[in-house]
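One letter stands for each residue in the lines below.
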Amino acid sequence: MRRRTFLVAPFTIGTGALLGHLAACGASPASAPPPSTSGDEELTETSEPTMASTTRTLVAYFSRAGENYYYGGRTTLEVGNTEIVADLIAGAVDVDVYRIEAADPYPESYDETVERNVQEQTDEARPAIAGNLPDVTDYDTVLLGSGIWNVQPPMIMRTFVESVDLSGKTIFPFVTYAVSGLGRTIDDYTGLCPQSTIGEGLAIRGEEAQDAKAEVETWLQAIGLLPT
Ligand SMILES: Cc1cc2nc3c(=O)[nH]c(=O)nc-3n(C[C@H](O)[C@H](O)[C@H](O)COP(=O)(O)O)c2cc1C
């Protein structure tokens, strides 16, 4: 098994303090304090070394378990589809993982979540993120993952990219979806993060997330994070 670090209570930046200063993700949250060194915040599993690389890569994802779309019907997901893909990534390469969680969790009901999302899109809302944000200073690559909600990443992904400084970094989006593929993902992040490089995205059909290991690894190879 490869090394994998989970940012359990990620480092330092209080979300509430930042939400008053939202800006495009190139704008630096200059007041961010240095990372905590208490050691309580992260859980590290160390094993065999991965490919020789000085790259530090962060996987930041949002995923919602609960009632969801499933081949035209509904199912109840114990684990969200995007979380499954994030786990596949973390099992294949040396990354830190940050899970984006809503301060006001989304409903268990699919229809209520659809309704709330439409309202958030209409309002250009920035749903608050629970807990602390990661200190992204030392990462040069960020893999941004989410489902596709109404043909684009959920609005909470906007909250995230506007709350951390991703300028100068390369963002590789990955999504799970029902029918829309990447939808407007690339355009969204390109517009939101003008000082970042938006690289090749990965779109996995949600129902097939469990079986996507090969597809995920092919993508990781294509973007240079896994040897061919
Ligand atoms: C509120 C909501 C809106 C959705 N809108 C779309 C959509 O427009 N296009 C699509 O392909 N899938 C859509 N889906 C399906 C999800 O993108 C898909 O189930 C995804 O795998 C969910 O990821 P998650 O389980 O990690 O949250 C939607 C799901 C929800 C809950």
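The present account deals with the structure reproduced in this document. (Residues numbered from 1 in each chain as written. Predicted model: local features only at pLDDT ≥ 70, side-chain atom pairs only at ≥ 80, totals over all residues. Heavy atoms only, no water.)

Glancing now at the overall build of the protein chain. Looking only at helices and strands, the protein chain features six helices and twelve strands. Here the protein chain, with 228 residues, has 48% of them falling under the buried criterion. If you take every contact in the protein chain between residues at least 6 apart in sequence, the share linking residues at least 24 apart comes to 82%. Entry remark: accessible area of the protein chain is about 10,400 Å², with carbon and sulfur atoms responsible for 48%. (Helix = DSSP H or I, 4+ residues; strand = E, 2+ residues; numbered from the N terminus. Buried < 20%, exposed > 50% of the residue type's maximum accessible area, 1.4 Å probe, protein only. Contact = heavy atoms within 4.5 Å. Areas by Shrake-Rupley, 256 points an atom, 1.4 Å probe, with all protein chains shown as cover.)

Right, let's talk about helix α6 (residues 213–222) for a bit. Within α6, burial applies to V216, W219 and L220. Projected down its long axis, α6 carries its buried residues within an arc of 100 degrees, all on one side. Looking at the buried side of α6, the elements it contacts are α2 (81–92), β9 (141–147), β10 (170–177) and β12 (202–205). Downstream of α6 by one or two residues, G224 has phi in the positive range, about 85 degrees. (Arc of directions from axis to C-beta.)

Right, let's get into the pairing of β10. Across the eight residues that make up β10, a large majority, six, are buried. For the handedness criterion, the β-α-β arrangement of β9, helix α4 (residues 155–163) and β10 is classed as right-handed. Alignment of β10 against strand β11 (residues 197–198), held across two bridges, turns out to be parallel. Opposite I171, over in β11, you have I198 as the bridge partner. Relative to β12, β10 is paired through four bridges, and the arrangement is parallel. When the bridges of β12 are listed, T176 appears paired with I204. (Right-handed = clockwise from strand over helix to strand, strands pointing away. Pairing = 2+ DSSP bridges.)

Below, the discussion takes up unusual backbone geometry. Phi at Y71 takes a positive value of approximately 45 degrees, unusual for a residue other than glycine. Along the chain, Y71 turns up in the loop between β5 (66–70) and β6 (73–77). With phi around 70 degrees, V151 is a residue other than glycine that occupies positive phi space. Structurally, V151 can be placed in the loop between β9 and α4.

Glancing now at the pairing of β9. In terms of residue burial, β9 counts as a mostly covered element, since seven of its seven residues are buried. Side chains of β9 alternate between two faces, with T141, L143, G145 and G147 and V142, L144 and S146 buried alike. Pairing between strand β4 (residues 57–62) and β9: five bridges, direction parallel. The partner of T57 across the bridge, within β9, is T141. Both β9 and β10 contribute to a ladder of seven bridges, which runs parallel. Along β10, the bridge assignment pairs T141 with T170.

By themselves, these are just geometric observations and shouldn't be taken as functional.
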